[in-house]
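Inside the fold
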Amino acid sequence: MWREFDKFGKKLVQYGLTHSHFGNMSVRVGDKMFITRSGSMLDELDENQIVEVHLHKPTSFDIIASSELIVHREIYKNTSALAIIHAHSPFAVILSLLTDEKEIMPVDSESIYFLHEIPIITGKVGSAELAHNAADALKDHKAVIIKGHGTIAVGKILEEAYVNLCCVEHACKVKYFMDRS
Amino acid sequence: MKWYGWAGKLVDIDLSHRRIQVIPLELDMMRLYLGGRGLGVHLVYNELTSRTDPLSGDNLLVFAAGPLTGTPVPTTGRFACVSKSPLTGTILDSNCGGRFGPYLKFAGYDAIVVRGASRIPVYIRIADDVVLIEDARSLWGKNVRDTTTALKGYGSVLCIGTAGERLVRFANIMNDNTSALGRGGLGAVMGSKNLKAIVVNGSNRPNVYDANLLQHRNADITRLLIASPVSSKGLRVYGTPVLMNLINYMKVLPIANFRRSTSPHAYELSGERIHERFGVKLTPCYGCPIACKREIKPSGVEVPEYETLAILGTSCEVTNLNAIIEANHLCNDYGMDTISCGATIACYAELNNLQLDPETLISLVHKIGTRKDVGDELAEGAHRYAKKMGHPELSMDVKGLELPGYDPRGVLGMALGYATSNRGGCHTRAYIVGMEIFGKPKLIHRLSWVGKPNLVALLQNIFAAVDSTVMCKFALFSVSEEEIANALSAVTGVDFTSEDFIQVGERIWNLERLFNLREGFTKLDDMLPERFFQEDTDVKRISKSEFMSALLEYYRARDWTKDGIPTHDKLQTLSIAGEYSHVA
């Protein structure tokens, strides 16, 4: 499984969707979750950088899991997602800071078709507030943007979450330039 | 002069002559050493002569709180004790939670210096200005719980059990039953002075220079403690046993005296399992929001720490949780270090080719605590025992101090930290586990030497300063030297930058090194047991040539010679150049 994490970790960094340290990924398997370690580099993942934690109760591995573990847990408990990618994608961050709206409406056809509106949520890193807001918004969206922070995208597999995350970034990039043209 | 943070005086007690003196402290010295470990190291270095017998009246015991002890800064309800170790012959500092440290400050003292030896058993009672040396003959022969019960009406109790009376070389001093001044035999030093206990109480609070600013500084620290998964999700939820599954997963759990490094039984000893099996009550140290200490309900028996589970448990190949809980409780009651006790038993088991069962483990703890039968030899510690039996290679120690619960083959920063530790095989001097295991503040590759020598030196400096404030090391999983320096400035009114703070630690570290050099230790003592260079576990053995290169790089990072001796220039920078003549 770590090879899938490695594959999409490399893609995230390679295509400028985030920098090496800024993001995390997880996959749900039954009542367990595999998640990237806190402090791991997304473009240098190996089997030691993925840890297994329980979905419903704390485990000792919580302390080395991504600091956004609480957010991943809440999303899995409240949605049908089986994979999550969070990345500090630059255009999503910029656009969320440029607007006072609670959502971004894409202007490109692909994103309108796939994403509809993209919610902008708030909450501090690794906080219960962020976990609640993300899980709530992802009940009926494929991705959300945390204001000034980054994108969370979900899917049934990591690849689907990756596609959704790319779609958000593409939508934000197009809209950013459109708004300024 | 009005003091802030510090009380500004210490009480000096000569047990040989039953003389008690209150001595004022100088601000310039406190700037240089802060308090706690630093003050103790300064006093012990200057007052002891080379080759002092640690179990004679000539040895000194310094109990010292820090400028933050007893203030509202989180996790600072701690104090240190410094002396010459009867186990290692090195300088030894130990650090303890409980309530004694704050109460000492409330009584109006930064430190207690105990010198000489009494002819009869005595205890010291301090209540503000009243300092008494009392007859303790009726307490002699009692263990820690009974002694504490007898004296707790007078305040916070620091005492030895019968292990300290019998000069077990790894005897502890215990605070309020379960908090330990552990490692290296401070309890034996206390026993050699015929000093059974010190009880302290006080009615004053330390002055704070800028209470409003401190509120902001404390808010910063609290926010970071809450945000860090290690403090708020790990230690807070499961205590230090949270480490058991993690360390086993990383294949660095000591098994069978470090012959293996993973166990299929680790889960049985884990924080998760302990909480499944028992009702648990948190028993935090004074002023600590992390609250890693806990006891089992309703018995009140203490939950063993991770190090105990690993060394008294898996390293002895005993994985019966009830047996380890009992052995831990016995060690605390006799007043013995659970790491050294477990490591010595593990060494004994390997040397005699024994497979220990729970009953034998408990029986051996009793024998060591009472120095009966083989317990008399084991009470000397693994190093002396293995050497006496003709197999020194089977003692897993550095400088005579038995190694704790991290197999250095899988954590190379820890390997260098063990080897260069001034008090011997100890994980808390550099405490690089934060980075190599938890990834805090940054995950680093635990099987690489790259950058480690510099990092180990830096962390040793930081923790020496932290031990002098006196703050809990666990807070450093969340806060940095910057937040601590800020809090220190707000409390004392003395401006400390993070660089000043680290330099205090570096000064202390170098002075400790000078003490050890004066005692005859050399670079050859900065070495790990040969097993780690010769044998693989699930992790490969350490390359000795790479280790030696890292050691040299470490000396360079410290501005020491290639023989590990601080240079005159370095000591001058640290304002301790006057000590250079001892090593030149």
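Residues numbered from 1 in each chain as written. Chains lettered and ligands numbered in written order. Predicted model: local features only at pLDDT ≥ 70, side-chain atom pairs only at ≥ 80, totals over all residues. Heavy atoms only, no water.

- Per an unreviewed UniProt entry, chain B goes by the name Aldehyde ferredoxin oxidoreductase and belongs to candidate division WOR-3 bacterium 4484_18.
- According to the UniProt record, the Sequence similarities (unreviewed entry) comment for chain B is "Belongs to the AOR/FOR family." (UniProt positions renumbered as here; feature names shortened; annotations may be inferred.)

- As recorded in an unreviewed UniProt entry, chain A goes by the name Fuculose phosphate aldolase, listed as coming from candidate division WOR-3 bacterium 4484_18.

Describing the overall build of chain A
- Check the secondary structure of chain A and you find six helices and eight strands.
- Sequence-ordered secondary structure for chain A, helices as α and strands as β, is α-β-β-β-α-β-α-β-α-β-α-β-β-α.
- Over its C-alpha atoms chain A spans a radius of gyration of 15 Å, differing by no more than 12% from the 16 Å that the globule rule assigns to 181 residues.
- Projected onto its principal axes, the C-alpha positions of chain A cover 50 × 30 × 25 Å.
- Within the span of chain A, comprising 181 residues, buried residues form 52% of the whole.
- When contacts within chain A are restricted to residue pairs at least 6 apart in sequence, those whose partners lie at least 24 apart make up 60%. (Helix = DSSP H or I, 4+ residues; strand = E, 2+ residues; numbered from the N terminus. Rg over C-alpha atoms; globule rule 2.2 N^0.38 Å. Buried < 20%, exposed > 50% of the residue type's maximum accessible area, 1.4 Å probe, protein only. Contact = heavy atoms within 4.5 Å.)

Digging into the environment of Ser581(B)
- By secondary structure assignment, the location of Ser581(B) is in the segment after helix 24 (568-573).
- Taking the C-alpha atoms as reference, Ser581(B) lies 8.9 Å from His568(B); in sequence the two are 13 residues apart.

A word on helix 8 (residues 229-238) of chain B
All names here are of chain B.
- Taken residue by residue, helix 8 has Pro229, Val230, Ser231, Gly234, Leu235 and Tyr238 as its buried positions. Each buried residue of helix 8 lies within a common arc of 165 degrees when the element is viewed along its axis, so the set occupies one face.
- Within two residues after helix 8, glycine 239 carries a phi angle of roughly 70 degrees, on the positive side. (Arc of directions from axis to C-beta.)

Concerning the side chain of Arg371(B)
Residues and elements named next belong to chain B.
- Positionally, arginine 371 belongs in the loop between helix 14 (358-370) and helix 15 (374-378).
- Judged by its relative accessible area of 18%, arginine 371 falls in the buried class.
- Beyond its immediate chain neighbours, meaning those up to four positions away, arginine 371 contacts Arg166, Leu167, Val168, Arg169, Asp376, Ala379 and Glu380.

Side note on the pairing of strand 3 (residues 61-65) of chain B
Residues and elements named next belong to chain B.
- Of all the five residues making up strand 3, five are buried; the element is thus mostly covered by neighbouring parts of the structure.
- Of the two faces of strand 3, both are covered, the one formed by Leu61, Phe63 and Ala65 as well as the one formed by Val62 and Ala64.
- Examined bridge by bridge, strand 3 and strand 6 (residues 111-115) share four bridges and lie antiparallel to one another. Across the sheet, valine 62 pairs through a bridge with valine 113, a residue of strand 6.
- As judged from the four bridges shared by strand 3 and strand 4 (residues 79-84), these two strands associate in the antiparallel manner. (Pairing = 2+ DSSP bridges.)

A word on the interface of chain B and chain A
- Opposite the 19 residues of chain B that make contact, chain A presents 20 residues.
- Taking both sides of the interface into account, the surface hidden between chain B and chain A amounts to around 1500 Å²; carbon and sulfur atoms contribute 58%.
- Three residues, Lys233(B), Tyr249(B) and Leu443(B), lead the burial of chain B against chain A; their summed loss comes to 33% of the area buried on that side.
- Our count for the contact surface shared by chain B and chain A stands at zero salt bridges.
- Taken together, the connections running from chain B to chain A amount to seven residue pairs in polar contact (both at pLDDT 80 or more).
- If you tally residues by element for the side of chain B that touches chain A, the top one is helix 8 of chain B, at six residues.
- Residues belonging to the side of chain B that touches chain A are distributed by class as follows: 11 nonpolar, three polar and five charged. (Buried area = accessible area lost by both parts, 1.4 Å probe. Salt bridge = Lys/Arg side-chain N within 4 Å of Asp/Glu carboxyl O. Polar contact = N/O pair within 3.5 Å; in protein donor to acceptor, adjacent residues only side chain to side chain. Nonpolar A, V, L, I, M, F, W, Y, C, P; charged D, E, K, R; others polar.)

Digging into the sheet that holds strand 7 (residues 122-127) of chain B
Residue and element names in this part refer to chain B.
- Pairing is mixed across the open sheet formed by six strands, whose spatial order is 8-7-12-9-10-11. At either margin of the open sheet sits one strand with a lone partner, and together these are strand 8 (130-135) and strand 11 (179-181). Averaged over all adjacent pairs, the angle separating strand axes in this sheet is 20 degrees, with direction ignored.
- Looking at chain direction, strand 7 and strand 12 (residues 195-201) are connected through six bridges and run parallel. By the bridge assignment for strand 12, tyrosine 123 is matched with alanine 197. (Axes fitted to C-alpha atoms, helices over the stretch in contact; angles between N-to-C directions.)

Thoughts on the domain arrangement of chain B
Residues and elements named next belong to chain B.
- Per the domain assignment, the segments making up chain B are domain 1 (9-201) and domain 2 (241-404).
- Computed over C-alpha atoms, the centres of domain 1 and domain 2 are 25 Å apart.
- With 34 residues of domain 1 at the contact, the number on the domain 2 side is 33 residues.
- When the buried surface of domain 1 facing domain 2 is broken down by residue, Leu87, Phe170 and Arg183 rank first, second and third, together holding 28% of it.
- Where domain 1 touches domain 2, the interface holds four salt bridges.
- In this structure, the salt-bridge partner of arginine 145 is glutamate 302, at a minimum N-O distance of 3.0 Å.
- Taken together, the connections running from domain 1 to domain 2 amount to 22 residue pairs in polar contact (both at pLDDT 80 or more).
- Top element by residues in the side of domain 1 that touches domain 2 is helix 5 (residues 162-165). It accounts for three residues.
- When grouped by side-chain class, the residues that make up the side of domain 1 that touches domain 2 number 12 nonpolar, 17 polar and five charged. (Domains from an automatic or database assignment.)

Some points on the side chain of Thr36(A)
- Along the chain, the position of Thr36(A) falls in strand 2 (residues 32-36).
- For Thr36(A), a relative accessible area of 1% puts it in the buried group.

Here's the deal with the sheet that holds strand 1 (residues 9-14) of chain B
Residue and element names in this part refer to chain B.
- An order of 2-1-6-3-4-5 is seen for the six strands of this open sheet, with the pairing classed as mixed. Only two strands of the sheet have a single partner each, and these edge strands are strand 2 (19-24) and strand 5 (91-96). Each strand of the sheet is rotated relative to its neighbour by a mean of 15 degrees, with strand direction disregarded.
- Running at roughly 20 degrees to strand 4, helix 2 (residues 36-47) makes contact with strand 1, strand 3, strand 4, strand 5 and strand 6 of the sheet.

Topic: the packing of helix 2 (residues 69-78) of chain A against helix 5 (residues 128-137) of chain A
Residues and elements named next belong to chain A.
- At a minimum axis separation of 8 Å, helix 2 and helix 5 run at an interaxial angle of 30 degrees. In terms of crossing hand, the pair formed by helix 2 and helix 5 is right-handed. Contacts between helix 2 and helix 5 involve Ile70, Val71, Glu74, Ile75 and Asn78 on the former and, on the latter, Ala128, Leu130, Ala131, His132, Ala134 and Ala135. (Left-handed = near helix turned anticlockwise from the far one by under 90°.)

Here's the deal with the pattern of salt bridges
- If you walk through the whole model with that rule in mind, you get 44 salt bridges over all chains.
- Here the salt bridges share partners, and the residues they tie into one network are Arg37(B), Asp93(B), Arg429(B), Asp467(B), Lys473(B) and Glu512(B).

Description of the pairing of strand 7 of chain B
All names here are of chain B.
- Looking at chain direction, strand 7 and strand 8 are connected through six bridges and run antiparallel. Bridged to isoleucine 124 within strand 8 is isoleucine 133.
- Here strand 7 folds back onto strand 8, and the loop between the two strands holds two residues, one of which, aspartate 128, carries a positive phi near 50 degrees.

Topic: the packing of aromatic side chains
- Throughout the structure, instances matching the rule amount to 24 aromatic pairs over all chains.
- Ring geometry for Phe91(A) against Phe177(A): centres 5.8 Å apart, planes inclined by 50 degrees, an arrangement best described as tilted. With Phe91(A) in helix 3 (residues 90-98) and Phe177(A) in helix 6 (residues 158-179), this pair connects stretches of sequence that are 86 residues apart.
- Seen from their ring centres, Tyr431(B) and Phe474(B) are 6.3 Å apart, and the 20 degrees between their planes marks the pair as stacked. Highlighted residues: Tyr431(B) in the loop between helix 17 (412-420) and helix 18 (433-436) and Phe474(B) in the loop between helix 19 (452-466) and helix 20 (481-492), separated in sequence by 43 residues. (Phe/Tyr/Trp six-rings, centres within 6.5 Å; stacked < 30°, edge-to-face > 60°.)

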